[in-house]
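Each chain is listed here by its residues.
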Amino acid sequence: MTETKKTSFLGNLTVQIVIAMLLGAFLGIFVHHNYDATFAKEFSDKIKILATVFIRLVQMIIALLVFSTLVPGIAKLGDVKTVGRVGGKALGWFFSASFISLLIGLFWVNVLQPGVGLNLSNIDLSTAAEVTGNTKSFSTQNFVEHIIPKSIVEAMANNEIIQIVIFSIFFGLAAASIGTYAKPVTHFIEVLSHIVLKMVNYVMKFAPMGVFGAIAGVFAIKDLNELVFTYIKFFGSFLVGIGSLWIFLLAIGFLFLGKRMKTLLNHIVGPLIIAFSTTSSEAVFPKLTEELERFGIKDKIVAFMLPLGYSFNLDGSMMYMTFASLFIAQAYGIDLDMGTQMTMLLVLMLTSKGIAGVPRASLVIVAATCGMFKIPIEGIALILPIDHFCDMFRSATNVLGNALATSVVGKWEGEDSE
C-alpha cells in the first residue's frame, strides 16, 4: 500500500516538474562554479534544447487548439448578442485588471525608488541593441496588423493567437447563423478539439524535461549571488510589487469564487510552475485549458476567454512595465510628475494590447514608452541581466490572472459547475 502511494506521488506531473526544476538548478549551479565560462555557455546552449523541444511541441498545437475549441464554443453561445455580452464582460475585466496592475507597479516604484542613486558606469548599453531595434515596428499599423489577420493560414503559421481568435469568432458566428445545416462542420471541429486535447496529454509528458533544460541552462551562465547583490534593490522592490499583485488577485478570487478559489489553485498549480520555470505563458496554454474545464468552467467559456486573455490580460507583464519604465527614469535622474506618470500609465495600457507575439514584448513596450517620454531607451540594458528572473514571476502571474478571469466570467455566465 505504501509503495502504491509512493508511485502515485512520483507519478504526479506537478511533483515531477518541481523535482526537475530543483535538479536543473543544482546541475546549472554545479556547472557554473566548476567549469570555465566558455564551457558553461556551450552547456547552456545545448541543455536549453530540451526546453526548446517542449515549447515547440506546445506551439505545434496552439493554433489548432484555439480554433477547434473556440468555433464550437461560439456556435454553442448561439448569437451575436451572447458573444457580445460575454466579450464585454471579458474586456471589462481585462482592462480593469490591467489598470490596477499598472497602478501597483507605479505605486511601488515611487515608494521604494529602486533606481535612485544607481551607478551607471559599469553598464554595457550595447546589450540593449536587440530590444531597441524592435521598437521600430511599434506603431498604430503594428497594432492593427497584430489584431486583424490578412490570412488565417499565416496567422496559424505564426501562432498569432488574437488573429486566430478574430477569425474563429467570425467563423463561429457564421456557423451559428446557418443553424442545423452547419452542424456537420461544427461537429467535425469539435471532434478535432478532442483529438488536440488528447495530444496535450502526450505533450505535457515532456514538461519536466523542458523545465529541467530551461533552469539548468540559466543557472549555468548566471551567477545568482552576484546578480542578486547587484540588483538587490531592483529585484527586491519588484518582488514586493508582484507579491502585492498576487495578494490582490487572490483576494479578488476569494471575493468572487469563495471557497472554490482553493480548488482553482489546486488545478492550476502545475501550469503556474511550468510558466514560472520556462518563463513562457504560452507553454501552459493547452494544459491551462484542460485544467479550467476540469475545474468546472464550460468549454465554450474557456475557449472564448483564454485566447482573449493571452492578448489582453497579462497582469504580471503590466505591473512590470510601469515599474521598469519609471525605474529607468529614476536611474537617469529624470523626475516625472504624477500627471506625466499617469499619462505614461494610459499609454502603456493601450500600447501593450497590440504587440502580442513580438519577442521580449514587455521590454519592447518599455523601450518604446521610454522613447515617447524622452527617457533614454538604452536604459533597458540596466534591467536585461536580471530580466529572466523577473520574467519567471511575470509569466506565472499572467497565468494566475487569466485563470481567475476565465473562472469569474464563467461564474457570471452561470457556466461553472458548483
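Here goes a summary of the coordinates provided. (Residues numbered from 1 in each chain as written. Predicted model: local features only at pLDDT ≥ 70, side-chain atom pairs only at ≥ 80, totals over all residues. Heavy atoms only, no water.)

Ranked by internal contacts, the top residues of the largest apolar core, which has 117 residues, are Phe54 and Phe234. Ranked by residues supplied to this core, first place goes to helix 19 (residues 384-412) with 13 residues. Contacts of Phe234, omitting those with residues within four sequence positions, involve Pro114, Tyr320, Phe323, Phe327, Ile383, Ile386 and Cys390. In terms of nonpolar packing, the next biggest core, distinct from the first, is built from six residues, Ala40, Phe43, Ile47 and Ala216 among them. (Core = buried A, V, L, I, M, F, W, Y, C linked by side-chain atoms within 4.5 Å. Buried < 20%, exposed > 50% of the residue type's maximum accessible area, 1.4 Å probe, protein only. Helix = DSSP H or I, 4+ residues; strand = E, 2+ residues; numbered from the N terminus. Contact = heavy atoms within 4.5 Å.)

Here the focus is the packing of helix 12 (residues 232-257) against helix 19. One way to put it is that helix 12 packs onto helix 19 with a least axis distance of 10 Å and a crossing angle of 10 degrees. Between helix 12 and helix 19, the crossing angle belongs to the class labelled roughly parallel. (Axes fitted to C-alpha atoms, helices over the stretch in contact; angles between N-to-C directions. Parallel < 35°, antiparallel > 145°, perpendicular 65-115°, else oblique.)

Once that is clear, we can look at the pattern of salt bridges. Here the idea is simple: oppositely charged side chains can pair when their charged atoms come close. On inspection of all chains with the given rule, the structure shows seven salt bridges. The partner of Lys287 in a salt bridge is Glu290, and the shortest N-O contact between them spans 3.4 Å. Here Glu290 and Lys287 lie together in helix 14 (residues 285-295), a separation of three residues that amounts to about one turn. Of the two residues, Lys287 and Glu290, both sit in the buried class. A salt bridge links Arg394 to Asp387; its shortest N-O distance comes to 3.1 Å. Connected through shared salt-bridge partners, Lys287, Glu290, Glu291 and Arg294 make up one network. (Salt bridge = Lys/Arg side-chain N within 4 Å of Asp/Glu carboxyl O.)

Under the relative-accessibility criterion, Glu290 is labelled buried at 9%. Contacts of Glu290, omitting those with residues within four sequence positions, involve Leu197, Val200 and Asn201.

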